[in-house]
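Chain residues, written in single-letter form:
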Amino acid sequence: MSLAVAIQMDPIETININADSTFVLALEAQRRGHALYHYLPSALALKNGRVLASVRALEVRREAGNHATLGQPQMVDLATMDVVLMRQDPPFDMAYITATHLLEHIHPATLVVNDPVHVRNAPEKLLVTHFPKLMPPTLITADAQQVVEFRKEYKDIVLKPLFGNGGAGVFHVKPDDENLGSLLELFTQLYREPVIVQQYLPAVRDGDKRIILVDGQPAGAVNRVPQAGEARSNLHVGGRAMKADLTARDREICEAIGPTLRARGLVFVGIDVIGGFLTEINVTSPTGIQEINRFDDVHIEAQIWDAIELRRAASGSVPSA
């Protein structure tokens, strides 16, 4: 089954081919004989009910500095594609949300992964709140006094922008830290949304585990250990990737959330677990495939494409002319 696959992502020319998850998804699709096309989110348009994009044919190879060849731009109706991979990086802002609204016009006749409606309805730090028994103590509020009271109750806290990503704007605020008021003033100036506050989990020093789920099933995990003196474990801010196994608690978490992910068409998801607590459910552009592949000698991208092809075949859809 050869598919026409459009990949909506940021510029492919600048990616790190040894870390980027979209790159290995493209490699696997190409290996299976699928035709690849690349376009930027800004290239999307809606004209008289048709979702258009200026796409370029794409070939990929694992050659540093020569990893992608792009053809000439051509305007296409995305309804003629079999699959669209929505893989641009956050922030989850109005531009991101608008893209989900446009792609909703073609899904599921053209299979969009992940389902744009449920990507829009499942911001990383909000979807997780539907599973409160799995989370650390958490507060979402725009009321500074509630944050102050939360710190009095839980002492060490972590303060984050509700729609942030990549560890940006994440602060560990200790009980004696005198900067909480200033931080809340700064957040108010930078963001219109409430903040999210959680009890600080000392176990983060041992790592923030990223678990990849494919169609609701755990496929593997990698531990991300923060540098000394750093509260954030994100790999692109210096966190160190280490081999990780799935514990009984990890599997319990996956079993609890898996049916919801599967029902919502969230095929490729990355969750974050610290000390046995679920902290985020990443559905926009999750990463971690290559790190897990290297540690576990697996090919998670193949599992993802198996799931995509099964969903595509089950839909029985034929692309529009």
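Note that this is a predicted model, so its numbers are computed, not measured.

Student: Explanation requested: unusual backbone geometry in the structure shown.
Tutor: Most peptide bonds take the trans form, and the phi angle of most residues other than glycine is negative. The omega torsion across histidine 107 and proline 108 is 5°, close enough to zero to call that bond cis. For proline 108, the position within the fold is in the loop between helix H2 (94-103) and strand E8 (111-113). Here the residue pair valine 113 and asparagine 114 is connected by a cis peptide bond, since its omega of 0° sits within 30 degrees of zero. Residue position: asparagine 114 is located in the loop between E8 and helix H3 (116-120). The phi dihedral of asparagine 48 is positive, around 50°, even though this residue is not glycine.

Student: How do you make sense of empty space enclosed by the protein when you look at a structure like this?
Tutor: If a probe the size of a water molecule is rolled over the atoms, the empty space left behind becomes visible. Per the stated rule, a full pass over the model turns up two cavities of 30 Å³ or more. The calculated volume of the largest cavity comes to roughly 70 Å³. Residue lining of the largest cavity: Leu25, Leu85, Met86, Arg87, Val113, Asn114, Val119, Phe268, Val283, Thr284, Ile304 and Ile308, and that is the complete set. Of all elements in the fold, only strand E7 (83-86) and helix H9 (300-315) reach the threshold of two or more residues within the lining of the largest cavity. Of the residues belonging to the lining of the largest cavity, the class tally is nine nonpolar, two polar and one charged. The space that makes up the second largest cavity amounts to roughly 30 Å³. Lining the second largest cavity, in full, are Pro161, Leu162, Phe163, Phe187, Tyr191, Glu193, Pro194 and Val195.

Student: Looking at this structure, I do not really get the packing of aromatic side chains. What am I missing?
Tutor: For any pair of aromatic rings, geometry is given as the distance between the ring centres together with the angle between the planes. For the structure on display, the rule yields five aromatic pairs. Centroid distance phenylalanine 150 to tyrosine 154: 4.7 Å. Interplanar angle 45°. Geometry classified as tilted. Of this pair, phenylalanine 150 and tyrosine 154 both sit in helix H5 (residues 144-154), four residues apart, which is roughly one turn of the helix. Here phenylalanine 150 falls in the buried class, since its relative accessible area comes to 8%. Looking at tyrosine 154, the relative accessible area reads 24%, which means it is partly exposed. Members of the aromatic cluster, connected to one another through ring pairs, are Phe92, Tyr96 and Phe163.

Student: Explain the sheet that holds strand E14 (residues 217-225) here, please?
Tutor: Strand pairing in a sheet relies on backbone hydrogen bonds, with the paired strands running either antiparallel or parallel. The strand order across the open sheet built from five strands is E15-E14-E13-E16-E17, with neighbouring strands paired in antiparallel fashion. Whereas interior strands pair on both sides, the edge strands pair on one side only; in this sheet they are strand E15 (240-243) and strand E17 (277-282). Pairwise comparison of adjacent strand axes, ignoring direction, gives a mean angle of 30° for this sheet. Alignment of strand E13 (residues 208-214) against E14, held across seven bridges, turns out to be antiparallel. Note that in E14 the partner of valine 214 across the bridge is glutamine 217.

Student: Help me understand the sheet that holds strand E9 (residues 138-141), please; the structure alone is not making it clear to me.
Tutor: Strands sit in the order E9-E12-E10-E11 across an open sheet of four strands; the sheet is antiparallel. The strands lining the two open edges of the sheet, one partner per strand, are E9 and strand E11 (171-173). Averaged over neighbouring strand pairs, the angle between their axes works out to 25° when direction is ignored. The pairing of strand E10 (residues 157-161) with strand E12 (residues 195-199) spans five bridges and is classified as antiparallel. Paired with proline 161 across the strands is valine 195, a residue of E12.

Student: Is there a simple way to think about the pattern of salt bridges in this case?
Tutor: Proximity of charged atoms lets side chains of opposite charge pair with each other. Scanning the entire structure with this criterion turns up 19 salt bridges. Between arginine 312 and aspartate 82 there is a salt bridge, with its nearest N and O atoms 3.2 Å apart. One end of the pair, arginine 312, is in helix H9; the other, aspartate 82, is in the loop between strand E6 (74-77) and E7, with 230 residues separating them in the sequence. Between lysine 209 and aspartate 250 there is a salt bridge, and its shortest N-O distance comes to 2.6 Å. Here the residue lysine 209 occupies a position in strand E13, and aspartate 250 occupies one in helix H7 (residues 248-263), the gap between them amounting to 41 residues. The two residues lysine 209 and aspartate 250 agree in class, both being buried. Overlapping salt bridges bring together Glu28, Arg31, Arg32, Asp306 and Glu309 as one network.

Reading the values: rules and limits
- Residues numbered from 1 in each chain as written.
- Predicted model: local features only at pLDDT ≥ 70, side-chain atom pairs only at ≥ 80, totals over all residues.
- Heavy atoms only, no water.
- Helix = DSSP H or I, 4+ residues; strand = E, 2+ residues; numbered from the N terminus.
- 1 Å grid on protein atoms, 1.4 Å probe; cavity = no way out; pocket = protein on both sides within 12 Å on 5 of 7 lines; lining within 4 Å.
- Points joined across faces, edges and corners; volume = space filled by probe spheres on them.
- Nonpolar A, V, L, I, M, F, W, Y, C, P; charged D, E, K, R; others polar.
- Phe/Tyr/Trp six-rings, centres within 6.5 Å; stacked < 30°, edge-to-face > 60°.
- Buried < 20%, exposed > 50% of the residue type's maximum accessible area, 1.4 Å probe, protein only.
- Pairing = 2+ DSSP bridges.
- Axes fitted to C-alpha atoms, helices over the stretch in contact; angles between N-to-C directions.
- Salt bridge = Lys/Arg side-chain N within 4 Å of Asp/Glu carboxyl O.

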